[in-house]
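# Remarks on the overall topology
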Amino acid sequence: MKFIIEHKWLSIVAIVVVVLSISLVTILKNPPDYLLRFIIEKGMARNNNMDTFKDDALYVITTGTGAPLPEANRVGPQTVVVAGDQILVFDAGPGSTLKLEMSGVDVSSINGLFLTHYHSDHIGDLGELMLKRWASNVATKPLQIYGPVGLDQVVTGFEMAYELDKGYRIAHHGEDLLPEEAFGGDVNEFDLGVELTSSQVVYSSGDVEVIAFNVDHLPVFPAVGYRVNYKDRSVVISGDTVYTKSLIDHAMGSDLLVCEALHMGFSKMISEASSDMDSNLSDVAHDIQDYHISPEEAAIVAREAGIGQLVLTHILPPIPSKILEAGFTKEARAAYDGEIYLSNDGTMIKMPVNSDDVKITELLN
Ligand SMILES: [Zn+2]
Ligand SMILES: [Zn+2]
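I will try to describe carefully the structure that is included in this document. (Residues numbered from 1 in each chain as written. Chains lettered and ligands numbered in written order. Predicted model: local features only at pLDDT ≥ 70, side-chain atom pairs only at ≥ 80, totals over all residues. Heavy atoms only, no water.)

### Some points on the coordination of the zinc ion (ligand 1)
- Donor atoms from the polypeptide that coordinate the zinc ion (ligand 1) comprise His-117 (NE2), His-119 (ND1), His-217 (NE2) and Asp-240 (OD), at 2.2 to 2.3 Å from the metal.
- Between the four donor atoms coordinating the zinc ion (ligand 1), the angles at the centre fall across 92 to 159°, so the site counts as irregular.
- Between the zinc ion (ligand 1) and the zinc ion (ligand 2) the interatomic distance comes to 3.4 Å, and Asp-240 is a ligand of both metals. With His-117 in the loop between strand E4 (112-114) and helix H4 (120-123) and His-217 in the loop between strand E8 (208-214) and strand E9 (224-230), this pair connects stretches of sequence that are 100 residues apart. An identical accessibility class is assigned to His-117 and His-217; each is buried. (Donors = N, O, S within 2.8 Å, 3.2 Å for Na, K, Ca; no water. Tetrahedral: all angles 85-135°; square planar, octahedral: opposite > 155°, others 65-115°. Helix = DSSP H or I, 4+ residues; strand = E, 2+ residues; numbered from the N terminus. Buried < 20%, exposed > 50% of the residue type's maximum accessible area, 1.4 Å probe, protein only.)

This is the structure in structure tokens:
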């Protein structure tokens, strides 16, 4: 008797599972409109969602953590700082505009774009960023762009390249939606001279201050890093540089160093492994070693500047496997007692004001 009852229940469960499976397959094959709407709205809500940054804190988001060599999960370098009601963007590496939007940053509300230097991996998405900012909401003026000498040439060139597209979009959507005078960028060029120790406040608004300082990326000149101060919190963004005292001096006492990193040993391996290839890769992998900073040197900068948190970005060479990450930071960890984090596209570092807290969250993984 007991067997018959259990058998009956098993049959009912089996029938329910079969019915649910058939229903699920039917829904997936022919999804109803309400389900499609729900999924689309959920996806849209994630983009341009400034709720993520609503607390009074200094937020730093690495929206692009790669470099010129291809890596599936990393786009070109970009770091975004959200401080109070202000959004400041540092560099515009290829692909970074989409990652910025996917991270929830409102592209139409950017207060300033700051360029570190004019290597293509730092400016490749400038046209896209200017266009997206202009087209995403009714803009009243061009994007404010800050950078060292050479900025005018770079911005003017991108504006010229996007001139036809500007015309297409105005013709399609109308000037009320896309005012022509708000297209492109306003050039705020600064000159720090040749002294490696030079620095200058290049942006000041409310509680936010941005200081540009020279770094050493020769033969690329000028090349700068930036420090952002917001209330009692601060972050330093290295730009591309070798190990230099200028970076230590300007990073002194900051909460966070976001530093580029090239692992010399890994790059040497790539250079040697590709020496038989019919391409420039071997020579390029060799040459880049003399104008970047290693993870270990970045850690020494953080140590000397008294910084407790080091975030590595602009990862070179690409790290195609998680297994290699520990090797990438091995020497750095030996040189430094603070926290080291190898950032991903969409890593958010939150530093609330009036505290020493540093909280790291992945927004895109
Ligand atoms: Zn560079
Ligand atoms: Zn670079």
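### Points about the packing of aromatic side chains
- Enumeration over the complete set of coordinates arrives at nine aromatic pairs.
- Arranged with centres 4.7 Å apart and planes meeting at 10°, the rings of Phe-114 and Tyr-146 form a pair that is stacked. Taken together, the residues Phe-114 in strand E4 and Tyr-146 in strand E5 (residues 143-148) connect sequence positions 32 residues apart.
- The class for Tyr-146 is buried, based on a relative accessible area of 11%.
- Seen in terms of ring centroids, Phe-190 and Tyr-226 are 6.4 Å apart; in terms of plane orientation they differ by 90°. Their pairing is edge-to-face. Taken as a pair, Phe-190 in strand E6 (residues 185-190) and Tyr-226 in strand E9 lie far apart in primary sequence, 36 residues in all. Each member of the pair Phe-190 and Tyr-226 is classed as buried.
- Linked through ring pairs, Phe-90, Phe-114, Tyr-146, Phe-190, Tyr-203 and Tyr-226 together constitute an aromatic cluster. (Phe/Tyr/Trp six-rings, centres within 6.5 Å; stacked < 30°, edge-to-face > 60°.)

### Points about the sheet that holds strand E7 (residues 199-205)
- Strand order across the open sheet formed by seven strands is E7-E8-E9-E10-E11-E12-E13, with mixed pairing between neighbours. At either end of the open sheet lies a strand with only one pairing partner, and these are E7 and strand E13 (339-342). Averaged over all neighbouring strand pairs, the angle between strand axes comes to 20°, with direction disregarded.
- Relative to strand E11 (residues 256-262), helix H11 (residues 295-304) is tilted by about 160°, and along the sheet it contacts E11 and strand E12 (309-316).
- The strands that helix H12 (residues 323-335) touches are E11, E12 and E13; relative to E13, the one it contacts most, it runs at about 150°. (Pairing = 2+ DSSP bridges. Axes fitted to C-alpha atoms, helices over the stretch in contact; angles between N-to-C directions. Contact = heavy atoms within 4.5 Å.)

### Things to note about the nonpolar core
- Grouped together as the largest cluster of nonpolar side chains are 33 residues, with contacts concentrated most on Leu-126 and Ile-145.
- Listed by contribution, the elements that provide at least two residues to this core are strand E1 (57-64), strand E2 (78-83), strand E3 (86-90), helix H5 (126-136), E5 and helix H6 (151-161).
- Here the element with the most residues in this core is H5; it accounts for five residues.
- Among residues more than four places away in sequence, those in contact with Leu-126 are Ala-92, Leu-113, Leu-115, Ile-145, Val-154, Val-155 and Phe-158. (Core = buried A, V, L, I, M, F, W, Y, C linked by side-chain atoms within 4.5 Å.)

Scope: geometric values only; no functional claims are made or implied.
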